[in-house]
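# Working through the structure, step by step
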Amino acid sequence: MDATSALDETTPEISDAYLQLLFSAMERDGYCCIPDFLAPSSLMTMQQFVASSVRDSRNEYVAFKGSEAVKGSGLDQLAKSTRFQSIFSRLYVASRNKPAPAVEFYQLLRCLTGNGMMQHSLNFHYDSYLVTALLPIVIPTVGLAGDLLLLPNTRPVRETYAGNLVDKIMVDKIRQRSLRTRAAKDPSSFTRIKMVPGNLYLFWGYRSIHANEPCDPGTVRATALYHYFDPHAHSRLKAQLRH
């Protein structure tokens, strides 16, 4: 049995009925949670990778992009898991009512800690991808825990990249200060997600404004992110701007 098949054996198989409940929660509340998604042994392997990476960075913020960057952590194999991938394809079908494209992830691992932690916190944004899965690996148990703040489902999927770009500029450049002020003065106006390592959290990253709160500099908050389906991947305007 190869590593991916072995991981499928320890990854929960989500029935269609359960998937529909998850989809309904995302539509109603903006997010859903699959408790104890990771087997304890898988979570431990990922935590060991994080601990080693934070030591190598001298206890400062470090991030990894793509499966190759986290090879051997288990996060790379999870991206190949058919059970894991099927969650995303079925959410796509439920939300778009048409066949899902092949599941290809934009994958990140972010380890917040140290003096530079604040630079990577409270940066409100829309994702470029329809579905965002957040997998907590290490979450502080004392002080600030880096909770996820969410304004769920505040926009539809835009027909054009230009429409999407206007939305993102509005949040990134124009509304950023007011959103941070709101988070400080009226935090209850956000959906607050307190994360538990090993649980899997899914939300409409493209449609929802979100950001992580800071954690205490002496602690570590490590989360893996799997993004699926860029609605504007084939936009000529997007390609021109990127070049």
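Refer to the preceding data block for the structure.
The text that follows walks through the structure, step by step, so that each part is easy to find. These figures come from a predicted structure and were not determined experimentally. (Residues numbered from 1 in each chain as written. Predicted model: local features only at pLDDT ≥ 70, side-chain atom pairs only at ≥ 80, totals over all residues. Heavy atoms only, no water.)

## Quick notes on the overall build of the chain
- Tallying secondary structure elements over the chain gives eight helices and nine strands in all.
- Over its C-alpha atoms the chain spans a radius of gyration of 18 Å, differing by no more than 12% from the 18 Å that the globule rule assigns to 243 residues.
- In terms of overall dimensions, the chain has C-alpha extents of about 45 × 45 × 40 Å along its principal axes.
- By the burial criterion, 48% of the 243 residues in the chain qualify as buried.
- Taking as baseline every contact in the chain between residues at least 6 positions apart, the subset at least 24 positions apart corresponds to 87%.
- Counting every atom, the chain has about 12000 Å² of accessible surface; 53% of that belongs to carbon and sulfur.
- Looking at the chain, you have 27 positive and 22 negative side-chain charges, and the mean spots of the two groups are 8 Å apart. (Helix = DSSP H or I, 4+ residues; strand = E, 2+ residues; numbered from the N terminus. Rg over C-alpha atoms; globule rule 2.2 N^0.38 Å. Buried < 20%, exposed > 50% of the residue type's maximum accessible area, 1.4 Å probe, protein only. Contact = heavy atoms within 4.5 Å. Areas by Shrake-Rupley, 256 points an atom, 1.4 Å probe, with all protein chains shown as cover. Lys, Arg positive; Asp, Glu negative; His and termini not counted. Charge placed at Lys NZ, Arg CZ, Asp CG, Glu CD.)

## A word on the pairing of strand 5 (residues 148-151)
- Side chains Leu148 and Leu150 of strand 5 all project onto a buried face; the interleaved residues Leu149 and Leu151 project onto the opposite face, where all are buried too.
- Across three bridges, the pairing between strand 5 and strand 6 (residues 191-193) is antiparallel. Residue pairing for strand 6: leucine 150 is matched across the bridge by threonine 191.
- Both strand 5 and strand 8 (residues 209-212) contribute to a ladder of four bridges, which runs antiparallel. Within strand 8, the residue paired with leucine 149 across the bridge is alanine 211. (Pairing = 2+ DSSP bridges.)

## Things to note about the side chain of serine 53
- For serine 53, the position within the fold is in helix 3 (residues 40-56).
- Classification of serine 53 by relative accessible area gives buried; the value is 8%.

## Looking at the packing of aromatic side chains
- Tallied over the entire structure, the rule returns 14 aromatic pairs.
- An angle of 80° between the planes, with centres 5.0 Å apart, marks the rings of phenylalanine 84 and phenylalanine 88 as edge-to-face. One end of the pair is phenylalanine 84 and the other is phenylalanine 88, both in helix 5 (residues 82-96) and four residues apart, which spans about a single turn. In this structure, phenylalanine 84 and phenylalanine 88 share a single accessibility class: buried. (Phe/Tyr/Trp six-rings, centres within 6.5 Å; stacked < 30°, edge-to-face > 60°.)

## Brief notes about the sheet that holds strand 1 (residues 31-34)
- One open sheet holds the six strands; their spatial order is 1-7-4-9-3-2, and the pairing between them is antiparallel. Two strands in the sheet have a free side with no partner beyond their single neighbour: strand 1 and strand 2 (62-65). Strand-to-strand twist of the sheet, defined as the mean angle between neighbouring strand axes without regard to direction, takes the value 20°.
- Relative to strand 7 (residues 200-203), strand 4 (residues 131-138) runs antiparallel, the two sharing three bridges. Bridging across to strand 7, leucine 134 finds its partner in tyrosine 201.
- On top of the sheet, helix 3 reaches strand 2, strand 3 (105-112), strand 4 and strand 9 (221-228); it is set at about 75° to strand 4, its chief contact. (Axes fitted to C-alpha atoms, helices over the stretch in contact; angles between N-to-C directions.)

## Here we look at helix 7 (residues 176-185)
- Restricting attention to buried positions, one finds in helix 7 the residues Gln176, Leu179 and Ala183. Down the axis of helix 7, the buried side of the element spans an arc of 65°, and every buried residue falls inside it. In helix 7, those exposed residues whose orientation departs by more than 90 degrees from the buried face are Arg177, Ala184 and Lys185.
- Of the surrounding elements, those touching the buried residues of helix 7 are strand 5, helix 6 (161-174) and strand 8. (Arc of directions from axis to C-beta.)

## Re helix 3
- An ideal rise of 1.5 Å per residue puts 24 Å on 17 residues; helix 3 measures up with 24 Å between its terminal C-alpha atoms.
- Every buried residue of helix 3 is accounted for by Ser42, Leu43, Met46, Phe49, Val50, Ser53 and Val54. Seen along its axis, helix 3 keeps its buried residues to an arc of 130°; they face one direction. Residues of helix 3 that are exposed and point more than 90 degrees away from the buried face comprise Pro40, Arg55 and Asp56.
- One or two positions beyond helix 3, positive phi appears at arginine 58, with a value near 60°. (Expected span 1.5 Å × (residues − 1).)

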